[in-house]
Amino acid sequence: MNADEFLDITDVVCPMTFVKTKVALEDLDDGQILELRLNDGEPIQNLPRSLKDDGHKILELANNADGTFTIFVEKGGLT
Amino acid sequence: MIKLTNEQLERYSRHIILSQVGGTGQKKILSSKVLIIGTGGLGSPAAMYLAAAGVGHIGLVDYDTVDLSNLQRQIIHQTCDVGRAKIESGRETINALNPDVQVHTYDEQVTAANIRDIIHDLDYDFIIDGTDNFPAKFLINDACVLMRKPFSHAGIIRFQGQTITYVPGESPCYRCVFNEPPPKDAVPTCRQAGVLGVMGGVIGTIQATEALKYILGVGELLTGYLLTYDALTMTFRKIRVPHNRRCKICGEQPTITELVDYEQPTCDFKR
């Protein structure tokens with residue numbers, strides 16, 4: 001899948017995972033796609049849920065099998 | 001558009017998480033300009049919270065020096081600051097709190113002659129009245145009405161406080177509610193007055209809240225309402241105040257078209 005922007009948040013923990021993702025999405029237009037690399041555990045459990053609550057759509061989720069996941073988020077995809 | 005640094009993302013993370021703020025709102029705060037007149041009981045907490053919030057430019061107006069008797073409530077100043085100019089002590093506290101903030105100082109008392117220049121200096125977005133006397137309060141109101149600038153009025157005494165927000169064209173002004181400074185003999189002298197130190201914290205923080213809401217364009221401001229607070233009974237009252245058609249400055253036929261300095265009631269109590 002082609003993304004408009006890529007963000008790696010494996011170097012931060014909650015709530016900076018959400019803060020960085022939120023700000024990255026703000027810089028995109030509705031319909032654009034953010035590729036996000038995040039850690040297993042708390043980030044993958046909570047972040048997709050928070051993004052859905054904010055009206056963004058998770059298009060694809062992949063386990064990278066190295067303790068990280070990659071998700072593709074469509075800005076405003078649920079609004 | 002400015003990009004927030006990693007440090008800023010972390011410093012303001014609890015703001016950015018809020019749906020009403022976000023990175024966009026935080027950038028608005030960082031590029032905003034707030035003028036605080038008086039760095040005393042009200043101005044101290046207002047300045048500190050606005051500095052912590054990342055208001056990009058904070059103007060401080062005060063001509064006074066820090067007195068030992070100020071420290072019971074004027075929390076921007078420390079014991080080691082006694083004798084120093086309040087604006088310098090205020091600047092130091094703000095710089096230590098948040099290097100994102102640029103402090104602009106005005107070492108003077110606001111008067112009809114200088115208040116326009118002070119507000120114009122940076123073309124401040126919002127003004128906070130943290131003064132302790134009626135002449136200054138009416139002057140700030142009149143200047144803000146004539147210059148079409150939003151401001152927050154407040155006053156504290158003993159266990160009581162009040163505050164109201166003015167937005168040009170949208171709300172009644174301070175003079176709509178209070179008309180004229182009270183007669184001299186009705187104003188308590190500083191010997192009689194006294195104030196519980198925390199009053200400035202509660203009311204000054206509400207003033208800072210109004211400034212931030214105005215900058216962000218969120219929520220409902222305290223326009224058209226006077227909020228009163230009685231700490232002894234722990235009662236807040238939000239009193240609806242209408243626009244006064246006969247207001248001398250913002251009414252239908254305003255008689256005040258120039259700024260005037262009212263005489264300050266004298267206080268013979270030696271500090």
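Residues numbered from 1 in each chain as written. Chains lettered and ligands numbered in written order. Predicted model: local features only at pLDDT ≥ 70, side-chain atom pairs only at ≥ 80, totals over all residues. Heavy atoms only, no water.

**Re the overall build of chain A**
Summing up its helical and strand segments, chain A has two helices and four strands in all. Put simply, chain A runs from its N terminus to its C terminus through helices and strands in the order β-α-β-α-β-β. Computed over the C-alpha atoms, the radius of gyration of chain A is 11 Å, within 12% of the 12 Å expected from 2.2 N^0.38 for a compact globule of 79 residues. Each of the three principal axes of chain A carries a C-alpha extent, and together these read 30 × 25 × 20 Å. A buried classification covers 43% of the 79 residues belonging to chain A. Of the contacts made within chain A by residues no fewer than 6 positions apart, 61% connect residues no fewer than 24 positions apart. Averaging the coordinates of the 7 positive side-chain charges in chain A and doing the same for the 16 negative ones gives two points 5 Å apart. (Helix = DSSP H or I, 4+ residues; strand = E, 2+ residues; numbered from the N terminus. Rg over C-alpha atoms; globule rule 2.2 N^0.38 Å. Buried < 20%, exposed > 50% of the residue type's maximum accessible area, 1.4 Å probe, protein only. Contact = heavy atoms within 4.5 Å. Lys, Arg positive; Asp, Glu negative; His and termini not counted. Charge placed at Lys NZ, Arg CZ, Asp CG, Glu CD.)

**Brief notes about the overall build of chain B**
Per the secondary structure count, chain B includes nine helices and eight strands. Whereas a compact globule of 271 residues would reach a radius of gyration of roughly 18 Å, chain B reaches 18 Å, a difference of no more than 12%. Summarising the internal contacts of chain B: among those between residues at least 6 apart in sequence, 66% fall at separations of at least 24. If you average the places of the 27 positive and of the 29 negative side-chain charges in chain B, the two averages end up 6 Å apart.

**Observations regarding the sheet that holds strand E4 (residues 68-74) of chain A**
Hydrogen bonds between backbone groups are what pair the strands of a sheet, and the pairing can be parallel or antiparallel. Residue and element names in this part refer to chain A. Pairing within the open sheet is mixed, and its four strands lie in the order E1-E2-E4-E3. Edge strands, defined here as strands with exactly one partner in the open sheet, are strand E1 (5-8) and strand E3 (57-63). Between one strand axis and the next, the sheet turns through 20° on average, direction left out of account. When strand E2 (residues 33-39) meets E4, the two strands line up antiparallel, connected through seven bridges. Each residue of the ladder has a partner; that of Glu35, found in E4, is Phe72. Strand contacts of helix H1 (residues 16-26): E1, E2 and E4, with the helix running at about 170° to E2, the strand carrying the most contacts. Lying on the sheet, helix H2 (residues 42-53) is in contact with E2, E3 and E4; it crosses E2 at an angle near 155°. (Pairing = 2+ DSSP bridges. Axes fitted to C-alpha atoms, helices over the stretch in contact; angles between N-to-C directions.)

**What to know about the packing of aromatic side chains**
All names here are of chain B. Applying the stated rule across the entire model yields seven aromatic pairs over all chains. Measuring from centroid to centroid gives 5.6 Å for Phe126 and Tyr214, while their planes differ by 40°, and the two rings are tilted. In this pair, Phe126 is assigned in strand E4 (residues 126-129) and Tyr214 in helix H9 (residues 198-216), connecting sequence segments 88 residues apart. A ring pair is formed by Phe151 and Tyr166, whose centres lie 5.8 Å apart and whose planes are at 45°; its orientation type is tilted. With Phe151 in strand E5 (residues 151-157) and Tyr166 in strand E6 (residues 160-166), this residue pair connects regions lying 15 residues apart in the sequence. (Phe/Tyr/Trp six-rings, centres within 6.5 Å; stacked < 30°, edge-to-face > 60°.)

**A short note on the interface of chain A and chain B**
Listed per partner, the contact involves nine residues of chain A and 14 residues of chain B. For the pairing of chain A and chain B, the buried interface totals around 910 Å² over both sides, and the portion due to carbon and sulfur atoms is 63%. Where chain A meets chain B, there are seven residue pairs in polar contact (both at pLDDT 80 or more). A class-by-class count of the residues in the side of chain A that touches chain B yields five nonpolar, no polar and four charged. (Buried area = accessible area lost by both parts, 1.4 Å probe. Polar contact = N/O pair within 3.5 Å; in protein donor to acceptor, adjacent residues only side chain to side chain. Nonpolar A, V, L, I, M, F, W, Y, C, P; charged D, E, K, R; others polar.)

**Some thoughts on the packing of H1(A) against H2(A)**
Residues and elements named next belong to chain A. Between H1 and H2, whose axes approach to 10 Å, the crossing angle comes to 35°. Every pair of crossing elements has a handedness; the one defined by H1 and H2 is right-handed. Touching Thr17, Phe18, Thr21 and Leu25 of H1 are Pro43, Leu47, Ser50 and Leu51, all from H2. Grouping the constituent residues of the contact of H1 with H2 by class yields five nonpolar, three polar and no charged. (Left-handed = near helix turned anticlockwise from the far one by under 90°.)

**Observations regarding the sheet that holds strand E7 (residues 225-230) of chain B**
All names here are of chain B. With mixed pairing, eight strands are arranged side by side in an open sheet as E3-E2-E1-E4-E5-E6-E7-E8. Every other strand in the sheet has two partners, leaving strand E3 (102-106) and strand E8 (235-240) as the edge strands with one partner each. The sheet shows a mean angle of 15° between the axes of neighbouring strands, direction not considered. Note that strand E1 (residues 33-37) and strand E2 (residues 57-61) share five bridges and pair parallel. The residue of E2 that forms the bridge with Ile37 is Val61.

**Observations regarding the nonpolar core**
All names here are of chain B. Counting 29 residues, the largest nonpolar core has Leu35, Ile37, Val110, Ile115, Ile119, Ile127 and Cys173 as the members making the most contacts within it. Contributing elements (two or more residues each) for this core: E1, helix H6 (115-122), helix H7 (134-147) and helix H8 (174-178). Ile37 has contacts with Val61, Val110, Ile115, Ile127, Ile128, Asp129, Gly130, Thr131 and Ile140, leaving out every residue within four places of it along the chain. (Core = buried A, V, L, I, M, F, W, Y, C linked by side-chain atoms within 4.5 Å.)

**What to know about helix H4 (residues 43-53) of chain B**
All names here are of chain B. For H4, the tally of buried residues reaches eight of 11 residues, placing the bulk of the element in the interior. Buried within H4 we find Gly43, Ser44, Pro45, Ala46, Ala47, Leu50, Ala51 and Ala53. Two residues or fewer after H4 comes Gly54, characterised by a positive phi angle close to 95°.

**Comments concerning the pattern of salt bridges**
Residue and element names in this part refer to chain B. The full count for this structure, using the stated rule, is 13 salt bridges over all chains. The partner of Glu88 in a salt bridge is Arg91, and the shortest N-O contact between them spans 3.3 Å. You can see Glu88 and its partner Arg91 sitting in helix H5 (residues 86-97), three residues apart, about one turn around the helix. Residue classification places Glu88 among the partly exposed positions, given a relative accessible area of 30%. Across the pair Lys213 and Glu210 runs a salt bridge, and its minimum N-O distance is 2.7 Å. (Salt bridge = Lys/Arg side-chain N within 4 Å of Asp/Glu carboxyl O.)

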